[in-house]
Every structure is written in C-alpha cells, then in structure tokens.
Amino acid sequence: MSTALDELAGNFAALRPHLVSVAYRLTGTLSDAEDAVQESWLRLSGMDESRRSAIEDPKGWLTTVVSRICLDRLRSAVVRRERYVGEWLPEPVLGPLGTPSSEDPLAVAVRDDGMRMAAMVVLDRLTPEQRVAFVLHDAFSVPFGEIAEILGCTTDAARQHGSRGRRAVADADPPPRTALAEQQQIIEKFMTAMLTGDIQAVAEVLHPDVVLVGDGGGKARTAVRTVDGFDKVTRLFQGLMRMYDPAAMDKARFALVNGDLGVYLPPQPGSERYRALDEHVDAFSIRDGKIVAIYDMANPDKLTTARTRLDS
C-alpha cells in the first residue's frame, strides 16, 4: 500500500465514528449504516489523486456521500416496510455495561441522547427527506444549502423538510434519557413484579399510558400490533408468564441498548408445559420514574449483529 493511501486510510478512520453515527441515525439499520460508510471509503479511495486533493473539506464531502447513500436506502425501505409483518423497530445497538471502547465508534455514538431507542423510533415516522434534513441540520449542523444538494431540491424546500421533521419529533416528545442507576432500579422492580405476579408492584413502575411495541418480522413471536395502556400491557405479560418458563428469566442479561439499560433474553427450548422462547432484546423508555414504552425486538435478522456486539 502506498504512503499516500496509508495516510488517506488513517484520516478516514478518524472520521469513521462521525460517519457511522450519521449513517445509523439516518437509516436505523446497522448493516445499511456500515455499508454506506464502506461505500463512501470505496468512492474516496477509488478517486485519482488530483480529484482527492481538490476536496477542501473531507469530513463534509464524506458526510454528503454517506447521506446520499442513506437517502437512497431510506426511499427503498419505504417500499420494503409496506410488506413487513407487524411493527418495524430500528435495529438495536447492544453493548456490555460499562464504558465503551474507543475502538467501537457506534457504542460511543449511541450515548448521544438523540440515538436512544425512543428517539430512533420517532425518526422512523418521518419521510426520508424530513429525516435527512432534520438529522443533518439539527444533529450535525450541516447547512440547508448542502442538504438541498443531497435531497435534490431548493434550499427553501430543504429548510421546510427540516422544520417538518423537527415539529414531528417535538410533537412525539420522546422522554430524555434517565440515569442508568435509576433505569436499573425500575427495570429490576418490573421484572421481579412480573415474575411474582405482584400487580401492585407492576402498577408502581408502569406508566398508565405505557405502550409495548414488538418487532418479530413474522419470524419470531412478539406482539404483532402495538399494545396500548397499563391494563392491556399487564394482561399481555401475565399471559406470557403462563406460556413461557419463568426460569428463562434467570438467563436474562442486562446490556446497554442504544446507550440505555435493556435486557437480552437468549433463546430457550420448550417443554411439555412451556413454549420455546425466541431470542429477544428489550429496550425501555422511562418518564417520571415509570416505564412508558417497551420495545421488544425479536426479529432474528436484526439481532445477529447485536448478539455479536454483546459477546465481543
């Protein structure tokens, strides 16, 4: 490898955490994010030296390239999700408890408040154009003039896309991130209450307007439609406790899910009395000391990378 290419690779590696953060926030999918970043490297390294030297702002150039690739993927995803079985949730980013390694750019990036699961779910409700404009401008301070070039529209139209995205996020009002110690206390209390059937204890940690969103993609068991309200969510968990072996909870592991405390449940075989349990990753959103949303991710296609990251 030439010295010039070595230097280029080193400069790209320094920008990689930023690019991965941009791509994941735009797509909500780890494979798409990684592919977009890798494609940007191939385009950069494949240019001749004269064209590369003409790039005045490598970070801005690469951000633009990654964003254009992600926009194409988002537009394709709109069609794919029309055929998706059940609800669709972003692919979770798992990591062990503790301080993330500086060599894991995504684990570092998801500590940002805007990349927690509740915030990513809200981004999925935006149009591709709104998502790109809002994320690039509000999270990464990209000027609307540059965003307009990415979207192929006027600056005013790009500004309008960003404004609509911002308004939609504000209306959804995802709760801010709760301290990890408080998250653990609440989640442990919830899990204990469910295992013991203590409805009074459940009521103390579940918000009256709690929702449960499941994502099995037609390949694993979870709620096909969103379950709304304390009564329905409680009844659902009571039914699950009768169908699945409570001992499976002994193998549950706490993990960071998009920077928040979550739970990883490994698959478990069934028995004459209980059903087999699919692999699950559960993320929680907490407001005012109570769980206001549970995101139950069971689609195996979205958990392969998550499991690898957890075990690494």
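Residues numbered from 1 in each chain as written. Predicted model: local features only at pLDDT ≥ 70, side-chain atom pairs only at ≥ 80, totals over all residues. Heavy atoms only, no water.

Undergrad: Looking at this model, I keep getting lost on the environment of Tyr244. Mind explaining?
TA: Relative to the assigned elements, Tyr244 resides in the loop between α12 (230-243) and β4 (253-257). For Tyr244, a relative accessible area of 11% gives the class buried. Those residues within four positions of Tyr244 in sequence are excluded, and the remaining contacts are Arg221, Tyr274, Arg275, Ala276 and Leu277. (Helix = DSSP H or I, 4+ residues; strand = E, 2+ residues; numbered from the N terminus. Buried < 20%, exposed > 50% of the residue type's maximum accessible area, 1.4 Å probe, protein only. Contact = heavy atoms within 4.5 Å.)

Undergrad: I tried to follow the packing of helix α1 (residues 3-27) against helix α2 (residues 30-45) on my own but got confused; where do I start?
TA: The description of two helices packed together rests on the angle between their axes and the distance between the axes. Running from N to C, α1 and α2 point in directions that differ by 145°, and their axes come no closer than 9 Å. Taken as a pair, α1 and α2 cross one another with a handedness that is right-handed. Listed contacts from α2 to Leu5, Leu8, Ala9, Phe12, Arg16, Leu19, Val20, Ala23, Tyr24 and Thr27 of α1 are Leu30, Asp32, Ala33, Glu34, Ala36, Val37, Ser40, Trp41, Leu44 and Ser45. (Axes fitted to C-alpha atoms, helices over the stretch in contact; angles between N-to-C directions. Left-handed = near helix turned anticlockwise from the far one by under 90°.)

Undergrad: Sorry, what's going on with the sheet that holds strand β7 (residues 290-297) here?
TA: Hydrogen bonding along the main chain pairs the strands of a sheet, whether they run parallel or antiparallel. Strand order in this open sheet of 7 strands is β1-β4-β5-β6-β7-β2-β3, and the pairing throughout is mixed. Since the sheet does not close on itself, it has two edges, and those belong to β1 (94-95) and β3 (227-228), each with one partner. As judged from the 3 bridges shared by strand β5 (residues 260-265) and strand β6 (residues 280-287), these two strands associate in the antiparallel manner. Within β6, the residue paired with Leu265 across the bridge is His280. Across the sheet, helix α10 (residues 180-196) touches β2 (206-215), β4, β5, β6 and β7, and the angle it forms with β5 is around 35°. α12 contacts β2, β3 and β7 of the sheet and is inclined by roughly 55° relative to β2. (Pairing = 2+ DSSP bridges.)

Undergrad: Would you mind showing me how to read the nonpolar core here?
TA: Membership of the largest hydrophobic core comes to 47 residues, with the highest contact counts inside it found for Tyr24, Leu106, Val132 and Ile147. Ranked by residues supplied to this core, first place goes to α1 with 9 residues. By size, the runner-up hydrophobic cluster in this structure holds 24 residues, among which are Leu212, Phe230, Phe237 and Ile294. (Core = buried A, V, L, I, M, F, W, Y, C linked by side-chain atoms within 4.5 Å.)

Undergrad: So what exactly am I meant to see when it comes to the packing of aromatic side chains here?
TA: Each aromatic ring pair is summarised here by two numbers: the centre-to-centre distance and the angle between the ring planes. Taken as a whole and assessed by the stated rule, the structure comprises 3 aromatic pairs. Taking the centre distance of 5.1 Å and the plane angle of 50° together, the rings of Phe12 and Trp41 count as tilted. Here Phe12, found in helix α1, pairs with Trp41, found in helix α2; they are 29 residues apart in sequence, far enough to count as distant. Exposure class is identical for Phe12 and Trp41. Each is buried. When the centroid spacing of 6.3 Å and the interplanar angle of 70° are considered together, the rings of Phe190 and Phe284 count as edge-to-face. (Phe/Tyr/Trp six-rings, centres within 6.5 Å; stacked < 30°, edge-to-face > 60°.)

Undergrad: Is there a simple way to think about α10 in this case?
TA: Every α-helix carries 3.6 residues per turn, so stepping three or four residues along brings you back to the same face. The end-to-end C-alpha separation of α10 is 24 Å, in line with the 24 Å expected for 17 residues at 1.5 Å each. Listed in full, the buried residues belonging to α10 are Gln183, Ile186, Ile187, Phe190, Met191, Ala193 and Met194. Looking down the long axis of α10, one finds its buried residues gathered within 165° of arc, a one-sided arrangement. Along α10, the residues that are exposed and aim more than 90 degrees away from the buried face are Ala181, Gln185 and Thr196. Backbone geometry just after α10 places Gly197 at a positive phi near 70°. (Expected span 1.5 Å × (residues − 1). Arc of directions from axis to C-beta.)

Undergrad: Any chance you could explain helix α7 (residues 128-140) here in plain terms?
TA: For α7, spanning 13 residues, the distance from its first C-alpha to its last is 17 Å, which sits close to the expected 18 Å at 1.5 Å a residue. Taken across its 13 residues, α7 has 10 buried, putting it largely inside the fold. Check the buried side of α7 and you find it contacts α1, α4 (58-82), α6 (117-123), α8 (144-151) and α9 (155-172).

Undergrad: Is there a simple way to think about empty space enclosed by the protein in this case?
TA: In this approach, a probe sized like a water molecule rolls over the atoms, and the result shows the empty space that is left. Using the criterion set out here, one finds 2 cavities of 30 Å³ or more in the structure. What the largest cavity holds in volume is close to 120 Å³. Lining the largest cavity are 15 residues, with Arg116, Asp260, Phe284, Ser285 and Ile286 positioned closest to its centre. Broken down by secondary-structure element, the contributors of at least two residues to the lining of the largest cavity are α6, β5 and β6. Among the elements that make up the lining of the largest cavity, the one with the highest residue count is β6 (4 residues). Taken together, the residues that form the lining of the largest cavity break down as 9 nonpolar, 3 polar and 3 charged. Each pocket or cavity is described by its volume, and for the second largest cavity that value is around 30 Å³. Lining the second largest cavity, in full, are Thr27, Asp32, Arg73, Leu74, Ala77, Arg80 and Arg81. It is α4 that contributes the most residues to the lining of the second largest cavity, 5 residues altogether. Of the residues contributing to the lining of the second largest cavity, the split by class is 2 nonpolar, 1 polar and 4 charged. (1 Å grid on protein atoms, 1.4 Å probe; cavity = no way out; pocket = protein on both sides within 12 Å on 5 of 7 lines; lining within 4 Å. Points joined across faces, edges and corners; volume = space filled by probe spheres on them. Nonpolar A, V, L, I, M, F, W, Y, C, P; charged D, E, K, R; others polar.)

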